[in-house]
Structure formats: C-alpha cells, structure tokens
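# A look at the structure
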Amino acid sequence: MFEVSFLFGQFLGGLTTAMFLFLIASGLSLVFGVMRVLNFAHGSFFMIGAYLAWQAVQWLAPALHSFWLAALAAALGVALLGGLIERLLLRHIYGREELYQLLLTYALVLILGDAAKIIWGTQQLSVSRPPMLAGGFQVLGATLPTYNLFIMLTGVAIAVAGWFVLTRSPAGRMVRAAALDREMLGALGANVGALYTGMFVASSFLAGLSGALVTPIQSIVPGMDVEVIVEAFIVVVIGGLGSFWGTFWGSVIYGQVLSFGILILPGFSLFSVFALMAVILIVRPWGLFGRPLR
Amino acid sequence: MKMQRLLLGIFAASLVPAAAAAADTIKIGYPMPLSGPASVYGVPVVKGAEMAVSEINASGGVLGRKLELLTRDSKASADEAVRLARELIIKDNVDFLVGTLTSAEAPAVSTIAKENKIVFIAPTSKTVQLTSPANLHPYIFRLASNTDIDGRTGAAIIAGWKDVKRVATIAPDYAYGRDAVTAFVDYIKKARPDIEIVDQQWPKLGQSDFTPFINAQMAKKPDAVFCDVYGGDFVTFAKQAGPLGYFKAINNRMADSGEVGATDEALALGNDYPYGIWSDAYDPVIWPENEPAAHKAFIERLKAYTKEKYASGWAIMGYASIFALTEGIKKAGSTNSDKVAKALLGLSFDTPIGKLTFNEKTHETDMGEFWGQMVKDDRYPFAVMKNPKYLSQGPYTN
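Reference entry: report on the structure contained in this document. Bear in mind that the values here come from a model prediction, so they are computed numbers and not experimental data.

Counting secondary structure elements, chain B contains 13 helices and 14 strands. Relative to a compact globule of 398 residues, whose C-alpha radius of gyration would be 21 Å, chain B shows 23 Å and is just as compact. Seen along its three principal axes, the alpha-carbon backbone of chain B occupies a region of about 95 × 45 × 35 Å. Here chain B holds 398 residues, and 59% of them are scored as buried. Within chain B, contacts between residues separated by at least 24 positions form 67% of all contacts whose residues are at least 6 apart in sequence.

Below is the structure:
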C-alpha cells in the first residue's frame with residue numbers, strides 16, 4: 001500500500017523532528033534531573049537564541065561562515081543570560097516549594113517574551129540555510145535535505161557527549177552525586193553552588209544553540225517559546241523526568257509517532273502524540289526510563 | 001471683587017475646552033492581538049487604523065469631533081477579547097467597537113456588541129459563522145471576504161490549470177482552514193469534475209515541523225495543491241518543503257489562499273520563497289506594473305507613518321475599518337449606534353484599493369481578493385506578485 005521509499009522518507013522526517021526536540025529537551029531534562037527545577041523559561045531561552053542568531057546574521061551577513069559564527073554567538077549569549085538568571089534569581093528559591101520555582105520561571109517566560117517583542121518587534125523573521133548545507137540527497141529513494149542530516153548528527157553527538165560527561169568524567173560524578181544528595185555533597189567540601197551555576201549555563205547553552213539551529217527551517221515569531229516548551233515537556237515526560245537517555249528515546253518515539261500517526265489518522269495529527277503521553281502516564285507515571293520518585 | 005470675578009472667569013474658561021474636548025471625541029474601542037504569534041498581523045492592522053485616525057483628525061474629524069482610538073491587546077483569545085470589549089463599553093464608554101483579528105475572537109465579541117446594541121466592525125475575521133443567518137444581528141459588520149470566497153477563488157485558479165487531475169490540500173486544523181478547504185473542494189468538484197482530491201493534510205496552527213505532512217502528501221503524487229497555511233507557519237512550511245523537492249514535484253502548481261502574497265511572508269522568506277506559486281493578498285503592497293495612484297500614495301504615507309522600509313499587506317484592513325465606520329457616522333449624522341448600523345447597510349466607501357460596499361443582507365463588504373503568481377523581481381530582494389488580479393466576489397458568492 002505504501003512504497004518503501006516513502007516509508008523511509010517518513011522515518012527520516014520523524015528522526016529529524018526527534019533530534020530537534022532532543023536538542024531542546026536535553027537541557028530541560030538535565031536541569032530537572034540534577035537541580036530538580038522545572039524550568040518553564042527553557043522555551044524562552046530557545047526563542048532568545050533564535051532572535052540572537054538572526055541579529056548576528058544581520059550584522060555578519062556577507063562574511064563566510066556567518067551562520068556558524070552567529071549560532072555560536074547566540075548559544076554563548078543565552079548561556080550568559082542563563083548564568084545571570086541562576087546567580088541572581090533561581091539561587092534564592094532552591095530550598096523552597098516547587099510552586100515558587102514555577103512562579104519564578106513562568107514570570108521569566110512573560111518578561112523574556114515581552115523583551116523580545118520590544119527589541120525585535122512582531123514581524124516574522126527567518127535565516128537562510130548556510131550555503132554548504134543548502135542541498136539534499138537521495139537515500140533509498142527518499143530525499144534527505146543536508147541540513148536535516150546535520151541536525152540528526154548534532155543530536156546524536158550531543159547525546160553521546162552528554163552521556164560521556166555524565167558517566168565518565170569527574171565533573172559528571174559530581175553532578176550525579178548532586179542529583180542524589182545535594183547536602184551531603186556540600187558537606188564533603190564540593191562547591192555545589194558553582195556546580196549548579198555550571199549546569200544551568202550548560203542547559204541554557206543547549207537551549208540557545210537549538211534556537212539558533214532552528215532558524216534556517218522555521219520562522220522566528222513571537223510565541224515560539226510557548227509552542228516549543230509544550231513539545232519539550234511531552235518528550236521529557238515520555239522518556240522519564242530527569243533521565244538523559246530517556247529524553248533521547250522519548251524524542252525518537254515522539255518523532256516516529258507523529259510521522260506515522262498522520263498516516264493512520266490524517267485528520268488528527270496531534271491526537272497520536274497526546275494519546276501516547278496519556279498511555280505512558282497511566283502505565284508508567286515515571287516515564288519509560290525514569291525511576292519512581294521516592 | 002473684580003479680581004475675583006476675573007479669576008473665576010479664567011478658571012471657567014480654562015475648564016470649558018477641556019470638558020468639551022473630552023465629550024467631543026468619538027471613542028472607538030479596538031481590541032487586537034498585540035502579543036503572541038497573531039501579533040505579526042495585529043500590530044500592522046492597528047498601525048493602519050492609527051494612521052487613518054490621525055489623517056481624519058488632521059482634516060477636522062467627523063461631524064466636527066475628533067476620533068479617539070482605544071487599542072487593547074486581545075492576545076488572540078476569545079475570552080480576553082470579550083473581557084476587553086465589556087471593559088471598553090462599561091468603563092471607557094466607547095461609542096463603537098472595531099477590531100479583533102481571528103475567527104475565534106470576532107464571533108465572541110459580536111455577541112457582546114449585540115447585547116449592548118453597539119456597532120462592531122470586524123476587519124479580518126474570515127469564518128462564515130460570524131455573519132451566518134443564525135448569528136447575524138443589526139450591529140455586526142465585516143470587511144474581509146469570508147472563507148467561502150478564499151476557497152472558491154483558490155479553486156478558480158486551480159481549475160484554470162487544464163492538465164491538472166490530482167489535487168491535494170493542506171491547511172491549518174481549525175475553523176479557518178477547515179472552512180476554506182470545504183469551500184475549495186465543493187467548488188472545484190463542480191468546476192472540474194475530472195479532478196480528484198488525492199490527499200488532505202491538517203497540520204496544527206503553529207506547527208513547528210511540517211516534514212511528515214510534506215512527505216505524506218508527496219507520496220500521493222498530486223499535480224497541484226490548494227494550501228491555506230499562512231503567516232509564520234507558511235514561512236516554516238516553505239523552508240522545509242523546498243529542500244524535500246515538494247514544490248518541484250508539483251511544478252510550483254500551488255494556490256495559497258492564506259494571504260501569503262503580501263510583503264510580510266515574502267520579506268521573511270527572501271530567496272527561500274517558492275517562486276512560481278500563486279497566492280492572494282488583501283493588498284499586494286508592491287505592485288510592479290499598473291499600480292493605482294491611490295494605492296501608491298497610501299503605501300508612501302504608510303511607510304512614512306510606520307518608518308518601515310516595506311509596508312505590511314495587513315495595514316489596509318485597519319485603515320479601511322476606520323473609514324468604513326466614519327463614513328457610516330457621516331451618513332447617519334450621529335454617533336448613535338442604531339442610526340449608524342442602519343447607515344452602514346448598503347453604504348459605499350473609498351479605500352486605497354477601490355470602492356467597497358456593505359451588503360444589506362449579509363452585512364459583509366464586497367471585498368474580493370488580489371491573486372497573482374509570485375515571481376522573482378530584480379528590483380526587490382524578495383518575491384513579488386506579478387500583475388495582481390482582483391477577483392471580485394461576484395461569481396463566487398452563494
């Protein structure tokens with residue numbers, strides 16, 4: 001009934017969706033896993049990254065590799081913003097109830113959304129693909145745009161790098177220790193404050209980077225922050241809150257369910273994804289790769 | 001004593017103009033999305049309305065009174081628009097309501113207008129529900145053509161492509177997209193019984209990844225596509241569809257009735273615009289050949305007013321909405337809503353894109369759509385509409 005090339009194309013499409021979501025959701029998952037902070041403003045960091053990348057491209061435009069420089073600048077800019085927010089605001093509410101975190105990070109969503117509107121206006125903006133990734137090629141009869149392949153490879157690279165840092169490096173050992181027992185780690189003489197700031201900066205860097213990398217294939221508009229945070233949350237919930245690999249496989253499942261769901265129920269593109277989340281929440285409330293909360 | 005009287009006189013005199021001015025302005029409540037994704041269009045519509053108000057006030061106002069625009073952010077939400085409409089009527093004592101952008105807000109505000117017997121003009125809402133017989137009341141008026149006209153004019157464009165046999169549709173999954181596609185399918189089946197609808201895709205509004213929808217549609221091998229994806233979504237869609245070879249596969253045979261033929265989307269997409277497709281626009285803004293003088297003058301004033309290099313195709317709707325109302329007030333010789341509502345029936349008024357007339361039965365204007373092929377023009381760094389053709393509503397109404 002369907003040709004193989006088409007099914008493969010659909011699979012590749014789902015994989016692109018998945019790796020994009022993973023780039024965004026990985027930072028969200030990291031901060032929750034270690035710091036137990038549900039950062040609603042993560043989508044806003046993503047949006048600021050997109051706007052900063054656009055701005056940098058305008059300034060650098062004719063230069064060679066301007067897109068790559070702009071993406072790096074945007075990611076660093078958002079990382080700096082994240083660091084400031086952690087030091088000046090988030091730091092004060094770690095010991096408090098989760099409700100305060102939600103209020104604070106939600107307030108940041110509103111503030112950053114309005115700030116972006118004041119600085120960049122309400123027109124839709126977009127950035128052209130970098131020339132070296134503008135084309136596409138055929139795989140088993142399906143067309144794969146080069147840029148999509150680049151996104152997939154970036155997603156896998158970040159997953160592997162994240163896994164390596166978390167499980168194989170001294171810093172990763174500290175991070176895992178902080179996730180288990182923050183006070184004990186502090187009592188043993190580790191600088192937990194600096195560790196948290198570092199985590200939040202890394203998470204913001206990932207948000208900013210994904211925002212910048214999305215600009216060649218998406219319009220930059222007010223409201224993209226809220227749109228993306230909902231999808232990132234679905235992915236994190238499917239994979240298990242706080243589980244890094246869970247977020248990776250959650251993204252892959254989300255992408256494929258969306259891709260093939262519209263073949264089965266063409267009129268209900270969103271239904272399949274939300275149905276999946278509902279089923280997982282009922283069967284395994286802690287997600288596919290998460291652990292039940294004590 | 002004399003001094004006292006003099007002071008009193010000065011005091012009284014100083015009061016009069018202030019009081020008179022306050023009582024004298026004609027207040028127009030203008031709820032419009034100014035934040036969130038819909039602000040892309042809400043903001044230019046409001047700028048058009050503001051420019052109309054400043055022009056009318058500069059030439060002495062209406063019935064000797066100045067206009068006052070009370071703009072509010074409806075956030076594109078029906079609930080918020082209703083709350084604002086109530087507040088504008090009760091607290092700010094507005095004389096009229098104009099505004100709302102989407103097909104969600106306008107029908108909701110319409111019920112408030114009916115309750116309070118106050119004239120409400122919706123500039124851009126397109127859903128047929130707004131003025132359907134069940135929802136029509138004396139105070140509601142609409143400027144834009146409805147979803148029936150969108151779908152049918154798109155169908156007329158595609159019906160003209162004689163070798164097309166397999167047609168697909170893609171449109172956002174809510175009232176606006178669903179209604180337009182229904183109208184398209186009904187019309188094309190009558191106009192071209194030989195055409196088969198081979199695929200229908202329904203991405204959500206604000207979809208960030210269209211790839212699965214694009215692949216699925218290409219697999220059905222359509223010869224042409226009717227598209228109703230608009231705004232930022234269209235920018236995203238076009239950027240993802242291009243590298244997948246979508247537009248090449250259909251030979252750029254696409255008709256998009258989502259107003260993506262204006263500068264707004266063309267500017268955002270630059271050279272990523274799928275040159276060769278057909279689209280409509282409220283106002284093509286850039287009109288390479290045979291531009292009407294009134295339109296040229298309007299765009300020049302608009303660019304000066306907004307200080308933008310290229311004007312938006314949506315400003316015309318805000319601009320015309322204010323002129324529709326003021327012509328109604330002039331004809332009624334009063335700001336009484338009952339009188340103005342009667343005056344608006346059958347009223348004709350001038351706009352930079354030609355004369356519009358309110359239909360006495362439907363309360364809608366006879367506004368059509370500008371259609372044309374989107375082409376590369378060396379004078380501009382983005383796509384422009386080649387020979388914009390005005391498709392009047394005439395042949396496409398019920």
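Turning our attention to a nonpolar patch on the surface. All names here are of chain A. Residues Val 156, Val 160, Trp 163, Phe 164, Val 165, Trp 245, Trp 249, Leu 288 and Phe 289 make up a contiguous nonpolar surface patch of about 790 Å² in total accessible area. Only α5 (146-168) and α10 (244-264) provide two or more residues apiece to the nonpolar patch. Ranked by residue count, the leading element in the nonpolar patch is α5, at five residues. Topologically, Trp 249 is positioned in helix α10.

All names here are of chain A. For the pair helix α9 (residues 224-239) and helix α11 (residues 271-283), the least separation of the axes is 9 Å and the interaxial angle reads 35°. Crossing handedness for the pair α9 and α11: left-handed. Between α9 and α11, the contacting residues are Ile 234, Val 237 and Ile 238 on the first element and Val 273, Phe 274, Leu 276, Met 277, Ile 280 and Leu 281 on the second. For the contact of α9 with α11, the residue count by class is nine nonpolar, no polar and no charged.

Residue and element names in this part refer to chain B. As enumerated under the stated definition, the model contains 27 salt bridges over all chains in all. Note that Arg 379 is salt-bridged to Glu 289, the shortest N-O span being 3.7 Å. Here Glu 289 lies in the loop between β10 (278-281) and α11 (293-306) and Arg 379 lies in the loop between β13 (369-376) and β14 (383-391), a separation of 90 residues in the sequence. For Glu 289, a relative accessible area of 41% gives the class partly exposed. Residues Glu 327 and Lys 330 are paired through a salt bridge, measuring 3.3 Å at the closest nitrogen-oxygen approach. Highlighted residues: Glu 327 and Lys 330, both in helix α12 (residues 315-332), separated by three residues, approximately one helical turn.

In this section: the interface of chain B and chain A. Taken together, the contacts link 40 residues of chain B with 35 residues of chain A. On the chain B side of the interface with chain A, the three residues burying the most area are Lys 204, Lys 239 and Pro 243 of chain B, jointly 18% of the side's total. Run the count over chain B and chain A and you get two salt bridges. Residues Glu 231 of chain A and Lys 204 of chain B are paired through a salt bridge, measuring 3.9 Å at the closest nitrogen-oxygen approach. Breaking the side of chain B that touches chain A down by element, the ones donating at least two residues are α2 (39-58), β7 (196-201), α7 (211-219), α8 (231-241) and α10 (263-269) of chain B. When residues in the side of chain B that touches chain A are grouped by element, the largest group, seven residues, is from α8 of chain B. Across the side of chain B that touches chain A, the residue classes tally to 16 nonpolar, 14 polar and 10 charged.

Residue and element names in this part refer to chain B. An order of β7-β6-β8-β9-β10-β13-β14 is seen for the seven strands of this open sheet, with the pairing classed as mixed. Edge positions in the sheet fall to β7 and β14, since each of these pairs with one other strand and no more. Neighbour-to-neighbour, the strand axes of the sheet open up by a mean angle of 25°, direction not taken into account. Judged from the four bridges that link them, strand β6 (residues 166-170) and strand β8 (residues 224-227) form a sheet pairing that is parallel. Residue pairing in the sheet places Thr 169 in a bridge with Phe 226 of β8.

This brings us to the packing of aromatic side chains. The relative placement of two aromatic rings is captured by the distance of their centres and the angle of their planes. Residues and elements named next belong to chain B. Enumeration over the complete set of coordinates arrives at 36 aromatic pairs over all chains. Taking 5.9 Å as the distance between ring centres and 55° as the angle between the ring planes, the aromatic pair formed by Tyr 187 and Tyr 396 counts as tilted. Of this pair, Tyr 187 sits in helix α6 (residues 175-191) while Tyr 396 sits in the segment after β14; the two residues are 209 residues apart in sequence, bridging distant segments of the chain. Classification of Tyr 187 as partly exposed rests on a relative accessible area of 24%. Taking relative accessible area as the criterion, Tyr 396 reaches 10% and is therefore assigned buried.

Residue and element names in this part refer to chain B. With respect to the secondary-structure elements, Ser 312 resides in the loop between α11 and α12. In terms of polar contacts, Ser 312 uses its side chain to reach the side chain of Asp 264, at 2.8 Å. Side-chain polar atoms of Ser 312 contact the backbone nitrogen of Trp 314, separated by 3.0 Å. With residues up to four places along the chain from it excluded, the contact list for Ser 312 reads Pro 44, Thr 263, Asp 264, Val 285 and Leu 302.

In this structure, Ala 56 of chain A sits in helix α2 (residues 42-60). Linking Ala 56 of chain A and Pro 131 of chain A, residues 75 residues apart in sequence, is a C-alpha distance of 17 Å.

The next subject is the sheet that holds strand β5 (residues 140-142) of chain B. Residue and element names in this part refer to chain B. In spatial order, the strands read β2-β1-β3-β4-β5; together these five strands make up an open sheet with parallel pairing. Two strands in the sheet have a free side with no partner beyond their single neighbour: β2 (67-73) and β5. With direction set aside, neighbouring strand axes in the sheet form an average angle of 20°. In this sheet, strand β3 (residues 96-98) lies alongside strand β1 (residues 26-32) in parallel orientation, the contact comprising two bridges. The residue bridging Gly 29 from the neighbouring strand is Leu 97, located in β3. Relative to the sheet, α2 contacts β1 and β2, its axis offset from that of β2 by approximately 170°. Here α12 sits on the sheet and contacts β1, β2, β3 and β4 (120-122); the angle it forms with β1, its principal contact strand, is near 150°.

Conventions we followed
Residues numbered from 1 in each chain as written. Chains lettered and ligands numbered in written order. Predicted model: local features only at pLDDT ≥ 70, side-chain atom pairs only at ≥ 80, totals over all residues. Heavy atoms only, no water. Helix = DSSP H or I, 4+ residues; strand = E, 2+ residues; numbered from the N terminus. Rg over C-alpha atoms; globule rule 2.2 N^0.38 Å. Buried < 20%, exposed > 50% of the residue type's maximum accessible area, 1.4 Å probe, protein only. Contact = heavy atoms within 4.5 Å. Patch = residues over 30% accessible without salt bridge, like charges linked within 9 Å, V, L, I, M, F, W, Y side chains within 5 Å. Areas by Shrake-Rupley, 256 points an atom, 1.4 Å probe, with all protein chains shown as cover. Salt bridge = Lys/Arg side-chain N within 4 Å of Asp/Glu carboxyl O. Axes fitted to C-alpha atoms, helices over the stretch in contact; angles between N-to-C directions. Left-handed = near helix turned anticlockwise from the far one by under 90°. Nonpolar A, V, L, I, M, F, W, Y, C, P; charged D, E, K, R; others polar. Buried area = accessible area lost by both parts, 1.4 Å probe. Pairing = 2+ DSSP bridges. Phe/Tyr/Trp six-rings, centres within 6.5 Å; stacked < 30°, edge-to-face > 60°. Polar contact = N/O pair within 3.5 Å; in protein donor to acceptor, adjacent residues only side chain to side chain.

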